[in-house]
Amino acid sequence: MLKNNFENQEGILSIGGVSVEDLADKYQTPLYIYDQKLLKETIETFIGNFKSQVFDTEVVYATKAFSNLYVLGLMKGYDMYFDCVSKEEIFVALSAGVEAQRIHFHGNNKTREELSYAVDKEIGLIIIDSLDEYHLLDELLAEKNKKVDALLRINPDVKTDTHKFIQTSNADSKFGVNIRDGAMRDLIGEIVGNPRINLLGFHAHIGSQVKNAGFFEEEASILLDFTRQMEKAFNYKFTHINFGGGFGSKESIEDEDLDLGEFLRNFVKVIENLISKHDLAITNVGIEPGRSMISKAGSILYRVGSRKKTLEGLPLVFVDGGMSDNIRPSLYGAKYSAIIANKLNEETTKAYRVGGKLCESGDILVEDVKLPSPERDDLLLIPYAGAYTYSMSSNYNKLPRPAVVFVEDGRDYLAVKRQSFKDLIINDVKFEEK
Ligand SMILES: *Cc1c(COP(=O)(O)O)cnc(C)c1O
């Protein structure tokens, strides 16, 4: 099982052999801390277990979960692919030195500029999301006299048991074309006959934070059965399939953990059996982990400020960040836990609410957590918070985006600097009386 490299050094937490007190002093708080060794082990677990004798496999990291030059630079050292959902994400991946052919382009409303950029940069794969987008892409390719490889995103109608905002596969979803939509066959027929678009196969992504492996098996079964039907309908061999991401990952200390390696090995077997059952020509199978790749390795470190008792509810302990560095609890009720990182040896008896410092009532990071009585200047750490936190961060209340640091074997590596006063007004234009 993949584990954080946390250690208790006389009551003080160290991550990757570096004391969080030292990190807080050096980089200020809030601070995103990534356990580099755990990230490497997670990558190796994906690549080592999502493997088959029957087909080639691709592990495609969904960069929207967390992307910058450092983390993509680290990942590109492995046999990985990268999924981007905007031309800006493509730009960041290319700037990190990722090969264009290893980039896949997703999104439900890719603009003309974005598609044009992706085609000019000759990225590896475009995942077509709608009929409209198909026409736009076709037009562009004709103008540029270029060809692309593509997948078509299918919405397989698999209803997962997670929050509505992170489900993507309902019949009213804004993503993909629904598998029961009759117009889809016409679209597939058209793409298959288009010499500028090489339709390799189909793609689906059923949601996020899905912990029940059964949903992925259902997805695979539906999508491969569909591939078989389309093979027959168009007398065409599809070689690729991609099942998206959404694999669950623990976010609170109490959460049960998915055994990633075991899950992946079983999933491969299920896919192998289905491919053989339908006698498909599939030679390449992809998955797109985002959260499950990066979430566990990342923690957010805060400093405790004021405390407050309210007439009702648990007493509040405030930290020097909040929804500007982790909006997920306020946005869709994500549940994290917390520890006082400089009081590991003290008993945790009382329950608290951990509140942020932003001017919103909903800015509560943890609703209910037992802590050893927190005092001003203590260090509070929220573990398993590496995904969709920095990447959803904002400058609300003009708070600077915190620094990001990676730690391993007693050393720390700055990955993203903390924003300065100047960064906050760098794009502003001063008013001048005319
Ligand atoms: C967001 C996204 C992913 C990653 O989802 P996780 O829940 O982070 O694993 C994968 N594929 C597509 C198309 C996505 O939009």
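The structure we're discussing is the one just above.
Heads up: these notes are all about the structure in this document. What you see is a predicted model; the values in this text were computed from it and never measured. (Residues numbered from 1 in each chain as written. Predicted model: local features only at pLDDT ≥ 70, side-chain atom pairs only at ≥ 80, totals over all residues. Heavy atoms only, no water.)

Here the focus is the site of the ligand. Taken together, 15 residues sit near the ligand, with Lys 64, Ser 208, Glu 288, Arg 291 and Tyr 388 positioned nearest. Here an oxygen atom of the ligand and a backbone polar atom of Gly 246 are 2.8 Å apart. Residue Tyr 388 places a side-chain N or O atom 2.5 Å away from an oxygen atom belonging to the ligand. Protein coverage of the free-state accessible area of the ligand, which is 390 Å², stands at 95%. Across the shell around the ligand, the residue classes break down as three nonpolar, seven polar and five charged. (Near = heavy atom within 4 Å. Polar contact = N/O pair within 3.5 Å; in protein donor to acceptor, adjacent residues only side chain to side chain. Areas by Shrake-Rupley, 256 points an atom, 1.4 Å probe, with all protein chains shown as cover. Nonpolar A, V, L, I, M, F, W, Y, C, P; charged D, E, K, R; others polar.)

Taking every second residue as pointing to the same face, both faces of strand S2 (residues 12-15) are buried, with Ile 12 and Ser 14 on one and Leu 13 and Ile 15 on the other. Both strand S1 (residues 6-9) and S2 contribute to a ladder of four bridges, which runs antiparallel. For Asn 8, the partnering residue across the bridge sits in S2 and is Leu 13. Turn length for the S1-S2 hairpin, with the two strands adjacent in sequence and antiparallel, is two residues, and the turn residue Glu 10 shows positive phi of about 50 degrees. Strand direction decides the pairing type here: S2 and strand S3 (residues 18-19), joined by two bridges, are antiparallel. (Buried < 20%, exposed > 50% of the residue type's maximum accessible area, 1.4 Å probe, protein only. Helix = DSSP H or I, 4+ residues; strand = E, 2+ residues; numbered from the N terminus. Pairing = 2+ DSSP bridges.)

Let's shift gears to empty space enclosed by the protein. Any empty space left between atoms is shown by rolling a water-sized probe over those atoms. Enumeration according to the criterion identifies one cavity of 30 Å³ or more in this entry. Every residue along the wall of the largest cavity is listed here: Glu 58, His 104, Leu 125, Leu 151, His 240, Ile 241, Asn 242, Asn 284 and Gly 286. Among the secondary structure elements, those contributing two or more residues to the lining of the largest cavity are strand S12 (240-242) and strand S13 (284-287). Residue contributions to the lining of the largest cavity peak at three residues, all from S12. When its residues are assigned to classes, the lining of the largest cavity shows three nonpolar, five polar and one charged. (1 Å grid on protein atoms, 1.4 Å probe; cavity = no way out; pocket = protein on both sides within 12 Å on 5 of 7 lines; lining within 4 Å. Points joined across faces, edges and corners; volume = space filled by probe spheres on them.)

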